[in-house]
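Observations on the three-dimensional arrangement
Read off the chains here:
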Amino acid sequence: MDLASKLERLSLELVQKQDYLYKVTVNLERLESLLLSFLNEFGYITLDSINCRDDLEDGFFTITYCLQTKKRDHIVMVQTKIQRENASLPTMHTIWPQAEIMEREMHEMFGVDFPGHPTLIDFALEYWDNMPPLRRDFDTLEYVNSMNPFRKQRGDALDAKEEMKKKREAKKAAKLKAEKEAQTKAALEAQNNPSDEVKDEE
Amino acid sequence: MAIDIKGVLSPLSAIGTLFEHPKTLTYPQAKKDIPVGYRGFHINNLETCIGCASCEEICMNEAIDMIHPDIEYNPKNTSGCVPRIDYGRCCWCSLCTDVCPPSSLKLDNICTHAECDPDNFLYMPKNIKNIGEDVS
Amino acid sequence: MKNNLENTIKIFHGPQHPGITGNMSVELDLLGETIKRAQTHVGYLHRGFEKLIERRTVVQAFTIVCRICVPEPDPNEENFARAVENLTGLEISEKAKYIRTMVLEMQRLATMFLWMGGQAGSIGLGLIPQWSVCDRDYMLDRFEELTGGRVYHMYAFPGGVRRDLPEGFLERLSDLLDYYEKRIIVYNNTFFDNVIFRKRAIGVGVVNRDDVLKNAYVGQTMRGCGIKKDVRKDMPYLMYDKLDFDIPIQQDGDVYARAIVRRDEMLQSIRILRQIIKQMPKEGEILQKIPKHRKFKLPSDDTYVQTESARGAMSYYMAGDGSEKIRRMQVRGPSLVHAYTLLEKLLVNTELADVAMTMNSLGICPPEIER
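A few words now on the interface of chain A and chain B. How big an interface is tends to be expressed through the accessible area that disappears when the partners come together. At the junction of the two partners, chain A supplies 9 residues and chain B supplies 12 residues. Per-class residue counts for the side of chain A that touches chain B are 4 nonpolar, 1 polar and 4 charged.

Take the interface of chain C and chain A next. Every contact between the two is made by 31 residues of chain C and, on the other side, 32 residues of chain A. Secondary structure elements with two or more residues in the side of chain C that touches chain A: helix H1 (49-54), helix H8 (209-214), strand E6 (302-309), strand E7 (312-320), strand E8 (326-332) and helix H12 (335-346) of chain C.

Before going further, it helps to spend a moment on the domain arrangement of chain A. Segmenting chain A into domains produces domain 1 (2-147) and domain 2 (160-194). Look at where the C-alpha atoms of domain 1 of chain A and domain 2 of chain A centre, and you get two points 67 Å apart.

The subject of this paragraph is the pairing of E8 of chain C. Residue and element names in this part refer to chain C. By the criterion of burial, E8 is predominantly enclosed, with 7 of the 7 residues buried. As paired elements, E7 and E8 share 6 bridges and run antiparallel to each other. What sits directly across from Gly320, in E8, is Ile326. Between E7 and E8, which pair antiparallel one after the other, the connecting turn spans 5 residues, and Gly322 there sits at a positive phi close to 85 degrees.

Time to look at the pairing of strand E2 (residues 21-25) of chain A. All names here are of chain A. Here 4 bridges tie strand E1 (residues 14-18) to E2, and the two strands are oriented antiparallel to one another. Looking at the pairing, Gln18 lines up with Leu21 of E2. Linkage of E1 to E2, two consecutive antiparallel strands, is achieved through a turn of 2 residues. Looking at chain direction, E2 and strand E5 (residues 75-83) are connected through 5 bridges and run parallel. Counted as the bridge partner of Tyr22 is Val76 from E5.

Conventions and cut-offs
- Residues numbered from 1 in each chain as written.
- Chains lettered and ligands numbered in written order.
- Predicted model: local features only at pLDDT ≥ 70, side-chain atom pairs only at ≥ 80, totals over all residues.
- Contact = placed C-beta atoms within 7 Å.
- Nonpolar A, V, L, I, M, F, W, Y, C, P; charged D, E, K, R; others polar.
- Helix = DSSP H or I, 4+ residues; strand = E, 2+ residues; numbered from the N terminus.
- Domains from an automatic or database assignment.
- Buried ≥ 20, exposed ≤ 12 C-beta atoms within 10 Å, placed from the backbone.
- Pairing = 2+ DSSP bridges.

Quick look at the structure:
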């Protein structure tokens, strides 16, 4: 592919992921210039989407820009990593107008800041003052439990695994009991006719 | 501006449908056939249910509870429990029937339920062997 | 610009359903009947799908993706299934591929009929919605037979499809297609050639052709401007490279051009379905053996898949992290850009009565915007 040699000049590697999918990884300092050269030199004029992924364990967000050419016959993912704390990205809305709404959404859902973005207002959530909800340390269940009362109706659920254990133990106990009973019975019988037992032992 | 004669006259062909037979059903008298394999309400054959709680585990809506049944059940049931489904949460994805090891849990093609009390949406699957056996 | 807004009044269009677009509101500044400024507001349908999927295993997450867009759930399922297959390297059999292609095309027809109802209803042609929703229901009957559900099918599973074709299904589908071909002639007479629709739609909501590629407009919005692009042809998935079909285009870029493109696409869908009925293999595995849901793990990798839905290209970004849960799944539906970047621009200097019609012709589906 022609793009691969062009990227090699910038000492970047193009990885083919699927039939129509390629991926370039770049650090944050070179991101803006690389996206601009994708647009102006390589002919990738369409920005299909900006995706954000929260890698909580490693402490960064992984941002993926998906670009397409005029022919729209393949997709190139340009991927970069930014710190989770005080996350900030250069805004692309002057180059691609649709980036405005994608960045607005990312600002609301992940708390990524875009210096120079004109409309970082509410997207889908109104008057949200909690942690950005798509960060992975935001616990949905805890939030819902603290906000909404639940109807009390399903208190009678049983833990099947414990029930299984209980039943198994009950079975074992029953078996032991039965064995014991059988033993005492046998012992009683042995007491009643001691001669038989002696014979058996012989 | 010229009048679009075709555009004025051709929609009038819809008048012809006045003389056609209506396509709707007169509902209580005539009912639609529900095909086999429709994802309706649950049935559970207690004779074969083994109480393994696979259905409870896979249910992403946490709609299934395992409880002790009032009636007689499979003596080989390992936990003595059978599933009960909260129809306020169920989404009828039928994953629970897909994972059921003895395939005792199935979906019937009945799908009407009316109740005033929301607590009655806890649905105990009907104890029948096969779909469509006991419709009443 | 501010002077223009001096004597305007502000009204909200929505969030109740105008036509069949869903709960989304457009804040309009009106001067008389003319719109001076439009601003889209979403958030009435935010259910946090992407967050919900984070908490679930792959098998459990599969049942939720179809709810992302109500009028056409199947491209979502297809995207999800294909993304998981890409990540885990599952191969699906030829029969499963054919069935999935068939379901996608059936869904396209059903969605187009619903769109037709919305488009005609929003300009006051009350007869067409009644007909087209009835015609859509015949397709839903076929879905009910095949998948067990009418609207939410939950059918395309990673590794294939969940059920085999019922007996005699293809014949019944073929009969339905015969009926549809006749019906499209009727719709042609009563709707597409109708002088009311033509007078309302021609010249309204004109999309500038130069903006299309750069702003990532997709689907009929793009093809209505004369740009011949379709994911099914450019990046073929499933069996689309073995099927013969055309991409209909129109040059004007207005509401009427998009309507005509959609009508022609319905005919193409029927053509594709007829080929599938002929080529459908009799034998073949329908579902690959996949591990149990606690053991079905995604590698720590990411992928991006694109499917042509009935309203344009719909893409999913999916990333795994080596556990059974999906780390991130992001939906990029066609309506995100259409409802914001495009609609806010298109509505300026049009009339209030054209808002619902324009929204409908762009194929906006609000649940897909806010997820």
